[in-house]
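Architecture at a glance
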Amino acid sequence: MLQGMETMAVTEPEKLNAIGSSEDAVPIGTVFSGMIMMNSFYWATNQYVIQRTLGAKNLAEGQKGVLFSGFYKMLVPLFMMVPGVIAYHLYGDGLRSIDLAYPELINNLLPGFLSGFFLAVLMGAVLSSFNSLLNSASTMFALDVYKANARKKISDQHLITVSKWFGSVLALVSFFIAPLLMFAPEGLWTIIREFTGFFNIPIITIVLFGVFTRRVPPLAAKIVIIFHVVSYYIALWGLPQFTGVEIPINFIYVSFVLFLIEAGIMMLLGWYRPMKGAARRNAPKVSMVPWKHALSVSCVLIGGVAFLFLLFSRAGLAYADGIVSPWFWPLTALIAGVTAVLAAFSYRHWNEKYTNYLLQYKSGKNESSRVHMEPKNKA
């Protein structure tokens, strides 16, 4: 195993470089622009992802769950990217599609009984996400579309029946569309990101303005959605198809430019036609006292991500003249030192706020956090 790891580190090490160039699917500049907005949509507004967090018994437990899953997310390069590099060293460019790398590895390297076990694990993971998506889509259709536009009162049992039918139809449509993804020219990840670009940017824009301001009217959200869908299609497919002119930048940059334009539209409408009346606030039903380690653990998590980028860079495993460059260990020490300082400062600064928050909660002064911590009937 060590010999194989050395081979990957010294033979064509550029395959281990996560710092994408302008010709790669994900240029490094997109990580700090459009990719931030896309991931903010996925992890902060996508119901089938956040419904587990929204089900937490209080704010502190929800924060713990989110941060804990963030550390798991850091394992993705090891579980998903490194096997692709292994497949390249074994098969070269002989695979018909980059999406076949992982199945080919499993088929060739694992014995028969482990292949079946791996398939069972994979199907369990896929069906878990698929079921979450179906449940979320069915719930939103039943409540936000069907019930919202009904002219008579609808029972909960009827809504459940409608959800089941809608989920079944959606599942069948997905089954017929899914096989077509094998013809994606640049792989599954790219084509999914391109098509989710139709809705992820306008939704995260609307949510951000909904969180940080009360002046923007509902009309702005409607204009932004229509503008984005039309502009995004024209930029990526309309111009090349009808004029032969292709925009010479990555589609993630296009998404970020549209985000800036749409943010400007919402600010303009918020200034020109501000919403009348204050937005309604609902009293929380759970404790809103935050976790006292949330900020410091967040600093550690960000430091870990920075280390991953260093590890998979020309200073790390993608170093051309050896396993890692001479700069790798000093830069690792720098990242660890900065992370430790920020985590310590955050803990000290946040701990004062947390103590005050807790005292307010116990004294009953902070009504937004004053909720029942224990059920009335302990039995």
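Residues numbered from 1 in each chain as written. Predicted model: local features only at pLDDT ≥ 70, side-chain atom pairs only at ≥ 80, totals over all residues. Heavy atoms only, no water.

1. Quick notes on the side chain of N58
- When you line up the elements, N58 lands in the loop between α4 (47-54) and α5 (59-73).
- Setting aside its immediate chain neighbours within four residues, N58 contacts V286 and S287. (Helix = DSSP H or I, 4+ residues; strand = E, 2+ residues; numbered from the N terminus. Contact = heavy atoms within 4.5 Å.)

2. With respect to the side chain of T45
- Tracing the backbone shows T45 in the loop between α3 (34-44) and α4.
- Using a relative accessible area of 19% as the deciding quantity, one classes T45 as buried.
- A polar atom in the side chain of T45 sits 2.6 Å from the backbone oxygen of F41.
- Contacts of T45, omitting those with residues within four sequence positions, involve S40, I50, I203, I204 and V207. (Buried < 20%, exposed > 50% of the residue type's maximum accessible area, 1.4 Å probe, protein only. Polar contact = N/O pair within 3.5 Å; in protein donor to acceptor, adjacent residues only side chain to side chain.)

3. Quick look at the pattern of salt bridges
- Enumeration according to the criterion identifies one salt bridge in this entry.
- Of the charged contacts in the structure, one is a salt bridge between E61 and K64, with a shortest N-O distance of 3.1 Å. Separated by three residues within a single helix, E61 and K64 lie in helix α5, roughly one turn from each other.
- Overall, the relative accessible area of 32% leaves E61 in the partly exposed class. (Salt bridge = Lys/Arg side-chain N within 4 Å of Asp/Glu carboxyl O.)

4. Structural notes on the confidence of the model for the chain
- Overall, the predicted model of the chain reaches an average pLDDT of 85, with 91% of residues at or above 70.
- Of the regions scoring below 50 in pLDDT, residues 365-379 engages in 22 contacts with residues more than four places distant in sequence or in other chains. (pLDDT = per-residue confidence, 0-100.)

5. Remarks on the packing of helix α11 (residues 200-212) against helix α12 (residues 218-242)
- At a closest axis distance of 9 Å, the pairing of α11 and α12 adopts a crossing angle of 160 degrees. Considering their axes alone, α11 and α12 lie roughly antiparallel with respect to each other. When the axes of α11 and α12 are compared, the crossing they make is right-handed. Contacts between α11 and α12 involve I201, P202 and I206 from the first element and A221, V224, I225 and H228 from the second.
- Per-class residue counts for the contact of α11 with α12 are six nonpolar, one polar and no charged. (Axes fitted to C-alpha atoms, helices over the stretch in contact; angles between N-to-C directions. Parallel < 35°, antiparallel > 145°, perpendicular 65-115°, else oblique. Left-handed = near helix turned anticlockwise from the far one by under 90°. Nonpolar A, V, L, I, M, F, W, Y, C, P; charged D, E, K, R; others polar.)

6. Overview of the environment of I206
- With respect to the element layout, I206 can be found in helix α11.
- Separated by 128 residues in the primary sequence, I206 and L78 place their C-alpha atoms 35 Å from one another.
- If sequence neighbours within four positions are ignored, I206 has contacts with A221, I225 and M266.

7. Observations regarding the nonpolar core
- By size, the foremost hydrophobic cluster in this structure holds 16 residues, and its most contacted members are L16, L67, L311, F312 and L317.
- Only α6 (76-91) and α14 (294-311) provide two or more residues apiece to this core.
- Ignoring anything within four residues of it in the chain, the contact list for L317 reads A9, P13, L16, L311, F312, I323 and V324.
- Listed in part, the 15 residues of the second largest apolar core include M37, I201, I204 and L236. (Core = buried A, V, L, I, M, F, W, Y, C linked by side-chain atoms within 4.5 Å.)

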